[in-house]
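Read off the chains here:
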Amino acid sequence: MLQLKNIVKTYTTGDTEVHALKGVSINFRPNEFVSILGQSGCGKTTLLNIVGGLDQYTSGDLVIKGKSTKKYKDRDWDAYRNHSIGFVFQSYNLIMHQTVLQNVELALTLSGVSKADRRRRAKEVLEKVGLGDQMRKKPNQMSGGQMQRVAIARALINDPEILLADEPTGALDTETSVQIMELLKEIAKDRLVIMVTHNPDIANKYSTRIVKLLDGEVIDDSAPYTDEEIEKEQYEELDHKSLKHKRMSYFTALNLSFNNLLTKKGRTILTAFAGSIGIIGIALILSLSDGFRNYIKGVEEDTLSTYPLEITDETVDSSAMMTAMMGNVQPNEQKHDMDKVYSNDFVGNYINTLMGEVKVNDMKSFKKFIEEGDGQKIKDYTSDIKYTYGIEVNAYQIKDNNEIFQSNPCTVLDSIGMGSFSDMASMGVGSGNMSMNLWSQMIGNQEMLENQYDVIAGEWPDSYDEVVLVVSEYNEITDYELYALGLRDVSELQEMVTASIMGGTKEFESTSYTYEELLNVRYKVIPSSDFYAYDEAAGCYVNKSDDAKYMREKIENGVEVKITAIVRPSDRATVHSINTTIGYRKDLVDYLMAQAKESEVGKEQLENPDINVFTGYEFGTDLNEAAMEEAEESSQEMYEQMGIADMSNEELAMMMSNMSPEEIAAMIDAMEQSTADMMSGMSLTDLKTVEDATYEENLISLGIAFEDDPMVISVYPIDFESKELIMDIIDEYNQSVMDAGEEEKEITYTDMVGTMMSSISSIINSISYVLMAFVAISLVVSSIMIGIITYISVLERTKEIGILRSIGASKKDISRVFNAETIIVGFVAGLLGIIVTILLNIPVNKIIEHFSDLKNVAKLPVAGAVILIVISVVLTMIAGLLPSRVASKKDPVEALRSE
């Protein structure tokens, strides 16, 4: 079965060669108890190690079941040791941080045996050696004899064909030695047992064969096994495929390393903490940068909800205007020398920009692009897209005294004789809340609204006839807004103005309102088309807004709109999208548009797009010329009635010569009165206004618009990165229409905040990256330190390396064990760093909140925490590659000799 043919083993130390074995040839039977007897240094252990595959012969051959081992590679020797060899050492060579059961199971673990099977077999073999009740103990809790029994159990667990025992009783007392030898004798009944000893008494008593060595040579063999006998033996040939080595599982490697680390808890924790310092630094920076990035993102979202990308039907380049206003004009650096002070054409550039050509946008085509074409991807980068149609919300309040008050558009300034300020407010001149319109359409993104505002009473609107009332962060509404909303009597303002003119003052007490009172406020809203009615005498539709009786009827029949919620700006948001006191849904606009289209005047205008319903003439008609023609026709009719239409001048003079002066004066007065009546109500200004009107302007006046043709498209990007992507999509659209020869469809838009805030995020990112780069140095240093500590662990666990190799662990298995140790340390370091960072974020947030009122800024993102732990594991694993490689290269024989 096993043959040593002229085995020579030479050790080289410097220039000196030591011949441990000198041509040893021995044949072993499949079942016998062979003792190798000899003095110390005669080569007994070297012979045993060569038989066991721990050491390699210099020359000769080791034949196993008829197969030469001359071409064996490391993996073949590993498989041979794991499947065919069991080792029992004088010093037991147990792994002290593993339990008895785990020590015994280890060889099966390397063989890839399932957990249940190896647990069963380990218990059986421990029962066999008399340690069935000691399985949970650690080796250092046992006597020497018990530990040797564990070693024997470990050697037997894989049912090896060969059991090698190196001085198995050398460290035991006499009684225990007898027990161990009896056990080995029993084992030798069904397998080959080769024992190395220097005690001839034990060899003679228990062995079936004694081989004596002296100075590396066999000098005696009590029962030689000849080549002729071997040829007669029948045995199963060695199948290399069946002995294929299976890798140690990662779980086994982790278990071995984890148990080893538990024996050095203090050092492991300190090592992990040192490794976590870099993680803590990076995690803190990541917490702050991510927190500030989220804060800036929130500011961006809120800002962009107030200043969206706006595309209007008629526009100028407002971004260029803002750039000019902010002084972002490139100096004339290349146009003059530096010997004088030269002018920079700031004002000129601003005026040229301001007075630039107005661009008309094709809103219908662009809306179709957004809703149906490639522009639908814009929605992926927006929180909302709002379409507005220039529809005026005409809101009125019917007071308790039945008086009607116009709330929107606001007439407060007109009522106190300050109409010029009202005109300026309508043009956007001025500041504060003194605007003509205190009602505005809300954005359609309900989630954003709920983030920007807290509902302090009621519920958000869910119908066209419901609105919200917006108060300040201090639950206040300005007195101007109260007057405009009809909550305070505008006569108070009139009294103030009168008192001021008279050189005095008039003050009124501040007022307050319960939530219930405000939620009970109702308004009547009518479409703009209700202002117009047909005038039979004029033959056209006229504005009846000054007709109190007519307007009362329309207002009383208008849709009732109620305040359903009172909202207050939330401190979660820095900017808020509702810039007026009343916010309404787009549903209300849709309702008013539909009402206007169904009105009498609306239908008339839509059915006759060439006729101006306010004049009865075609659009573009010169009304002065038309009036003169009408005057001539009326005069002709009058002349006919007077009988003078066909008279010549001579005939008219003859007739008048026969008339009295009174009759002549009466005729002239009649002619003048007729002309005056015809021209009454037609001032030159009125004539000019209706003459210049267009069909589109009339539709706006009537409150008529079409869903597919908005006046303004407001695009609300999620953040600045999204805004850039949206702008790219718009640029692609412009390029596509230009390429198609449809230049009239090119879109010009207004970017109000791009110039102001676009670089903030990049600055935060740059600072974060620089800080992380500095902190990363400490992380690398920590990893190097962990690598050094791992190397120290390799030195401390050298014997364990030898033990693992002796039971069949490969070099890769050894490397995997120490890689597992660095993975555990790296994981603990990363996890510890994350926990410490989370704890440190608590005081950091308190400090930031104290100085800036920003809450919960420092917050480590979950993904960032996971990535940092992975980085910690990877870096420590890289740092441990060299030590683990050193461990795998250790000579198992030398490793077993270490202490």
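Look up a bit, the structure's there.
Residues numbered from 1 in each chain as written. Predicted model: local features only at pLDDT ≥ 70, side-chain atom pairs only at ≥ 80, totals over all residues. Heavy atoms only, no water.

Novice: Before we go on, may I ask you to explain the pattern of salt bridges in this structure?
Specialist: Between side chains of opposite charge, a pair can form when the charged atoms approach closely. Counted by the stated rule, this structure contains 32 salt bridges. Close ionic contact of K562 with D465 constitutes a salt bridge, the shortest N to O distance being 3.7 Å. Of this pair, K562 sits in strand β23 (residues 559–569) while D465 sits in the loop between β18 (453–458) and β19 (466–470), and the two are 97 residues apart along the sequence. Where E742 meets K745, a salt bridge forms, and the shortest distance between an N and an O atom there is 3.6 Å. (Salt bridge = Lys/Arg side-chain N within 4 Å of Asp/Glu carboxyl O. Helix = DSSP H or I, 4+ residues; strand = E, 2+ residues; numbered from the N terminus.)

Novice: I would appreciate a short explanation of the environment of I36 in the present structure.
Specialist: Its place among the elements puts I36 in strand β3 (residues 32–37). Along the chain, I36 and A203 lie 167 residues apart, while their C-alpha atoms are 8.2 Å from each other. Aside from chain neighbours lying at most four places away, what touches I36 is K44, L47, I194, M195, V196, T197, V211 and L213. (Contact = heavy atoms within 4.5 Å.)

Novice: Looking at this structure, how should I read the nonpolar core?
Specialist: Inside soluble globular proteins, nonpolar side chains tend to come together where they are buried. If you look at the biggest cluster of nonpolar residues, it comprises 89 residues, and the most contacted ones within it are L2 and I194. Beyond its immediate stretch of four places on either side in the chain, L2 contacts I26, N27, F28, V51, L62, V63, I64, Y80, I162, L192 and I194. (Core = buried A, V, L, I, M, F, W, Y, C linked by side-chain atoms within 4.5 Å. Buried < 20%, exposed > 50% of the residue type's maximum accessible area, 1.4 Å probe, protein only.)

Novice: Looking at this structure, how should I read the packing of aromatic side chains?
Specialist: The geometry of two aromatic rings is summed up by the distance between their centres and the angle between their planes. Following the criterion strictly, the structure yields 11 aromatic pairs and no others. Lying across the ring of Y550, K544 places its NZ or CZ 5.8 Å from the centre. (Phe/Tyr/Trp six-rings, centres within 6.5 Å; stacked < 30°, edge-to-face > 60°. Lys NZ or Arg CZ within 6 Å of the ring centre and 35° of its normal.)

Novice: I would appreciate a short explanation of the packing of helix α32 (residues 811–852) against helix α33 (residues 862–879) in the present structure.
Specialist: What describes two packed helices is the angle between their axes and the distance between those same axes. Close contact between α32 and α33 brings their axes to 8 Å; oriented N to C, the two are set at 145°. For the pair α32 and α33, the sense of crossing is right-handed. Along its contact with α32, which presents N819, T822, I823, G826, F827, A829, G830, L831 and I834, the element α33 presents A865, L868, I869, S872, V873, T876 and M877. When the residues that make up the contact of α32 with α33 are grouped by side-chain class, the tally is 10 nonpolar, 6 polar and no charged. (Axes fitted to C-alpha atoms, helices over the stretch in contact; angles between N-to-C directions. Left-handed = near helix turned anticlockwise from the far one by under 90°. Nonpolar A, V, L, I, M, F, W, Y, C, P; charged D, E, K, R; others polar.)

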